[in-house]
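Structural description and commentary
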Amino acid sequence: MKDKNSVGNVLRVATGVCLVCAVIVSTAAVTLRPFQEENRATFRQLNVLQAAGLHEPGMDVALAFERIERRIVDFDSGEYVDPPGGFDPVRAVRDPAQSNALSGDPAGIGRRTHYGEVFLARAEDGTLERVILPVHAYGLWSTMYAFLALEPDLRTVSGISFFEHGETPGLGGEIENPRWQENWVGKQVRDEDGNVRFRVDRGRTPEGVADADHRIDGLSGATITSRGVENMVQFWLGEQGYGPYLARMERRLEIGEVL
Ligand SMILES: Cc1cc2nc3c(=O)[nH]c(=O)nc-3n(C[C@H](O)[C@H](O)[C@H](O)COP(=O)(O)O)c2cc1C
């Protein structure tokens, strides 16, 4: 009779178990991938809506997102573009033909794509309610990703939503705390001349300071993350970010164009 515990038999059984497990795991990975991608897309949409202050608990996110228009902007010219084949920011940032390395890089992001996304939320009659800008910067441990929503005056913040980061929970991770994010609502990130004017304080913004409208409370014990958040706003609303786009939109507003 064959020995069940022979080395050959043990190896055969172990190889068989490994093969079966590998098939199960890879089948699960392949079949679940479309669901994961759909969930990721829905999560992004949810955060756009949250930044814009248009999210209510229990709402159908995909349905609510139908009123959001996605446009692609050429950062240098500030013009809308319609690239053939669409635009995927994740792919574009890795492609040297679609992005470039930054030399002055206050946001610590390494590269910037030539184009970027903007989301426009409109009321039912078509009037512009919010302009939502995807922004990111390096904090202490990680790149922090957020959507920053502006009122149609293109200066006042209507909300912010950090949706991906690796900062420490309870310290830098407080960027995702809704109570801290509420602090942003109504703040001004640009002045009347369109220059970026914004800072994150170390601790609380002192009472009664003249430029309190342009300042956000810092996160305690997380000065480096807070600095990253400040750099993020400075960079993305500045000349290398959405600055030319916002200036162009403002000119259109001045001549009374419906945006
Ligand atoms: C385990 C650990 C986690 C930390 N996580 C963060 C963080 O997420 N963001 C941050 O700015 N500082 C973090 N810090 C603190 C920084 O190392 C640094 O001391 C701090 O940013 C200085 O800010 P403060 O002057 O407000 O304390 C962490 C420190 C430790 C020990």
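What you are looking at is a predicted structure, and each value in this text was computed from that prediction instead of being measured.

1. Some thoughts on the overall build of the protein
Within the protein, the secondary structure is distributed over six helices and 10 strands. The C-alpha radius of gyration computed for the protein amounts to 23 Å, which surpasses the reference 18 Å derived for 259 residues by more than 25%, pointing to a less compact arrangement than a globule. With the C-alpha coordinates aligned to their principal axes, the bounding extent of the protein is approximately 95 × 45 × 45 Å. In the protein, which comprises 259 residues, the share counted as buried stands at 28%.

2. Section: the sheet that holds strand β6 (residues 128–138)
What the six strands build is an open sheet, ordered β2-β1-β5-β6-β7-β8; its pairing is antiparallel. Because the sheet does not close on itself, it has two edges, and the strands there are β2 (80–81) and β8 (157–164). The pairing of strand β5 (residues 115–122) with β6 spans four bridges and is antiparallel. Across the sheet, the residue bridging to Leu120 is Val131, located in β6. Along the sheet face, helix α5 (residues 223–237) touches β6 and β7 (143–150) and points at about 125° away from the line of β6.

3. Side note on the site of the ligand
Close contacts around the ligand come from Leu140, Glu167, Thr168, Leu171, Gly172, Gly221, Ala222, Thr223, Ile224 and Thr225, and that covers them all. For the shell around the ligand, the residue count by class is four nonpolar, five polar and one charged.

4. Structural notes on the nonpolar core
The nonpolar side chains of a soluble globular protein tend to be buried, and buried together. If you look at the biggest cluster of nonpolar residues, it comprises 44 residues, and the most contacted ones within it are Ile132, Leu148 and Met232. Within the residue set of this core, elements represented by two or more residues are α1 (7–51), β5, β6, β7, β8, α5 and α6 (243–254). In contact with Leu148, other than residues within four places in its own chain, are Ala51, Leu133, Val135, Val157 and Ile160.

5. Looking at the environment of Glu79
Here Glu79 lies in the loop between β1 (68–74) and β2. In the structure, Glu79 is positioned 167 residues away from Leu246 in sequence and 9.8 Å away in space, judged by C-alpha atoms. Those residues in contact with Glu79 that sit more than four places away from it in its chain are Asp74 and Arg248.

6. Observations regarding the pairing of β5
Of the strand pairs in this sheet, β1 and β5 are connected by seven bridges, and their pairing is antiparallel. Counted as the bridge partner of Glu69 is Leu120 from β5. Between β5 and β6, which follow one another and run antiparallel, lie five residues, and Gly126 among them has a positive phi close to 95°.

7. Regarding α5
With 15 residues, α5 extends 21 Å from end C-alpha to end C-alpha; this agrees with the ideal 21 Å at 1.5 Å per step. Of all the 15 residues making up α5, 11 are buried; the element is thus mostly covered by neighbouring parts of the structure. Thr225, Ser226, Arg227, Gly228, Val229, Glu230, Met232, Val233, Phe235, Trp236 and Leu237 are the residues of α5 that are buried. Looking at the buried positions of α5, the neighbouring elements they touch are β6, β7, β9 (199–200) and α6.

8. Description of the pairing of β8
Summarising burial for β8: six of the eight residues are buried, a large majority. The pairing of β7 with β8 spans six bridges and is classified as antiparallel. Residue Phe147 lies in a different strand from β8, and its bridge partner there is Ser161.

9. Considerations on α6
Counted at 1.5 Å a residue, the expected span for α6 with its 12 residues is 16 Å, and the 16 Å between its end C-alpha atoms agrees. For α6, the complete set of buried residues consists of Tyr245, Leu246 and Met249. The buried side chains of α6 occupy one side of the element, clustering within an arc of 95° when seen end-on. Of the exposed residues in α6, the ones pointing more than 90 degrees away from its buried face are Arg251 and Glu254. Along its buried surface, α6 packs onto β1 and α5. Gly256 occupies a position one or two residues after α6 and carries a positive phi of about 80°.

10. Observations concerning the environment of Val48
Here Val48 lies in helix α1. As for Val48 and Pro84, which are separated by 36 residues in sequence, their C-alpha atoms are 24 Å apart. The residues contacting Val48, other than those within four sequence positions of it, are Ile68, Phe119, Ile132 and Phe147.

Cut-offs used in this document
- Residues numbered from 1 in each chain as written.
- Predicted model: local features only at pLDDT ≥ 70, side-chain atom pairs only at ≥ 80, totals over all residues.
- Helix = DSSP H or I, 4+ residues; strand = E, 2+ residues; numbered from the N terminus.
- Rg over C-alpha atoms; globule rule 2.2 N^0.38 Å.
- Buried ≥ 20, exposed ≤ 12 C-beta atoms within 10 Å, placed from the backbone.
- Pairing = 2+ DSSP bridges.
- Contact = placed C-beta atoms within 7 Å.
- Axes fitted to C-alpha atoms, helices over the stretch in contact; angles between N-to-C directions.
- Near = placed C-beta within 6 Å.
- Nonpolar A, V, L, I, M, F, W, Y, C, P; charged D, E, K, R; others polar.
- Core = buried A, V, L, I, M, F, W, Y, C linked by C-beta atoms within 7 Å.
- Expected span 1.5 Å × (residues − 1).
- Arc of directions from axis to C-beta.

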